[in-house]
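Here is what each chain is made of, one letter per residue.
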Amino acid sequence: AIEVVKHQRKQAIEIIFNQAFNDTDQPEDRLKRVYEITTEVHRSAQNDGAHVRGCPFVNAGMELADANEDVRLEIEETFQQFAKYYRTIVDELRPSDEDPSLKEAAARALVRNMNGAMVASKIEQRPEAVSDAYETALLLARGHP
C-alpha cells in the first residue's frame, strides 16, 4: 500500500502540479490549471467507462489510516508535498510581509479544498465538481483583500 501511495503521489505531482507550473508562471493561472487538469483526469476516466474515483489518497486514508500507521504517515506526507505547491502560489499572491503561519494555513486549506472537491466529484459522479471548487481555492489563496 505504501508503494502504491508513493507511485500515485509521483504521478499526481508530475501530471497535475508540475504540468500546471510548467504551463504558466502566473500564480492564479497555476491554481486554475491544477483544478482544470484534475477535472480533465477525472473526466478522461469517466469517458473511458470508469467511475469517477475521487482522490486516491483520501480513499486509501479513509480505509487504512486507522489500521496502518505507516500508510497514514505516507498519505500525510503526500498532502504535505502537495501543500508545498499551494504554498508557492500563496506566497506569490500575498504580501511578502504577511505572517508565514497564515500562508501555511492557507496552503493546508487548499489541500483540503481539493480533497473535498474530489470527494464531491466521486459522490456526484461529476468531474466538474472539482473545477467548481476553483473559486473557493482562489479566495483561500488570496486571503484577505
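Residues numbered from 1 in each chain as written. Predicted model: local features only at pLDDT ≥ 70, side-chain atom pairs only at ≥ 80, totals over all residues. Heavy atoms only, no water.

## Some thoughts on the overall build of the protein
For the protein, the count of helices and strands is seven helices and zero strands. Its C-alpha atoms give the protein a radius of gyration of 15 Å, near enough to 15 Å, the size a compact globule of 145 residues would have. Taking all contacts inside the protein whose residues are at least 6 apart in sequence as the whole, residues at least 24 apart take part in 67%. Put simply, the protein shows about 8,200 Å² of open surface, and 50% of that area lies on carbon and sulfur atoms. Of the charged side chains in the protein, 18 are positive and 26 negative, and the gap between their average positions amounts to 0 Å. (Helix = DSSP H or I, 4+ residues; strand = E, 2+ residues; numbered from the N terminus. Rg over C-alpha atoms; globule rule 2.2 N^0.38 Å. Contact = heavy atoms within 4.5 Å. Areas by Shrake-Rupley, 256 points an atom, 1.4 Å probe, with all protein chains shown as cover. Lys, Arg positive; Asp, Glu negative; His and termini not counted. Charge placed at Lys NZ, Arg CZ, Asp CG, Glu CD.)

## So, the packing of aromatic side chains
Tallied over the full model, the rule gives seven aromatic pairs. On the numbers, 5.5 Å between centres and 85° between planes, the contact of Phe-17 with Tyr-86 is edge-to-face. Taken together, the positions of Phe-17 in helix α1 (residues 2–23) and Tyr-86 in helix α4 (residues 69–93) put the pair 69 residues apart, joining distant regions of the chain. Consider the rings of Tyr-35 and Tyr-134, whose centres lie 6.2 Å apart with planes at 65°: the pair is edge-to-face. Of the two residues, Tyr-35 sits in helix α2 (residues 27–47) while Tyr-134 sits in helix α7 (residues 134–142), which places them 99 residues apart along the sequence. Accessibility classification places Tyr-35 together with Tyr-134 in one group, the buried group. An aromatic cluster of three or more residues is present, and its members are Phe-17, Phe-21, Phe-57, Phe-79, Phe-82, Tyr-85 and Tyr-86. (Phe/Tyr/Trp six-rings, centres within 6.5 Å; stacked < 30°, edge-to-face > 60°. Buried < 20%, exposed > 50% of the residue type's maximum accessible area, 1.4 Å probe, protein only.)

## With respect to the environment of Ile-16
Note that Ile-16 resides in helix α1. For Ile-16 and Pro-100, which are 84 residues apart along the polypeptide, the C-alpha to C-alpha distance reads 25 Å.

## Section: the packing of α1 against α4
At a minimum axis separation of 10 Å, α1 and α4 run at an interaxial angle of 10°. Compared by their axis directions, α1 and α4 come out roughly parallel. Each of Ile-2, Val-5, Lys-6, Arg-9, Ala-12, Ile-13, Phe-17, Asn-18 and Phe-21 in α1 lies in contact with α4, whose residues at this interface are Asp-70, Val-71, Glu-74, Ile-75, Glu-77, Thr-78, Gln-81, Phe-82, Tyr-85, Tyr-86, Thr-88 and Ile-89. Residue classes in the contact of α1 with α4 are distributed as 12 nonpolar, four polar and five charged. (Axes fitted to C-alpha atoms, helices over the stretch in contact; angles between N-to-C directions. Parallel < 35°, antiparallel > 145°, perpendicular 65-115°, else oblique. Nonpolar A, V, L, I, M, F, W, Y, C, P; charged D, E, K, R; others polar.)

## Remarks on the environment of Glu-69
Take Glu-69: it is sitting in helix α4. On the basis of relative accessible area, Glu-69 is assigned to the partly exposed category, the value being 43%. Side chain to side chain, Glu-69 and Arg-72 meet in a polar contact 2.7 Å long. (Polar contact = N/O pair within 3.5 Å; in protein donor to acceptor, adjacent residues only side chain to side chain.)

## A word on the pattern of salt bridges
Under the defined criterion, the tally for this structure stands at 16 salt bridges. Residues Glu-76 and Arg-72 are paired through a salt bridge, measuring 2.9 Å at the closest nitrogen-oxygen approach. Here Arg-72 and Glu-76 lie together in helix α4, a separation of four residues that amounts to about one turn. For Arg-72, a relative accessible area of 28% puts it in the partly exposed group. (Salt bridge = Lys/Arg side-chain N within 4 Å of Asp/Glu carboxyl O.)

These values are about where atoms sit, not about what they do.
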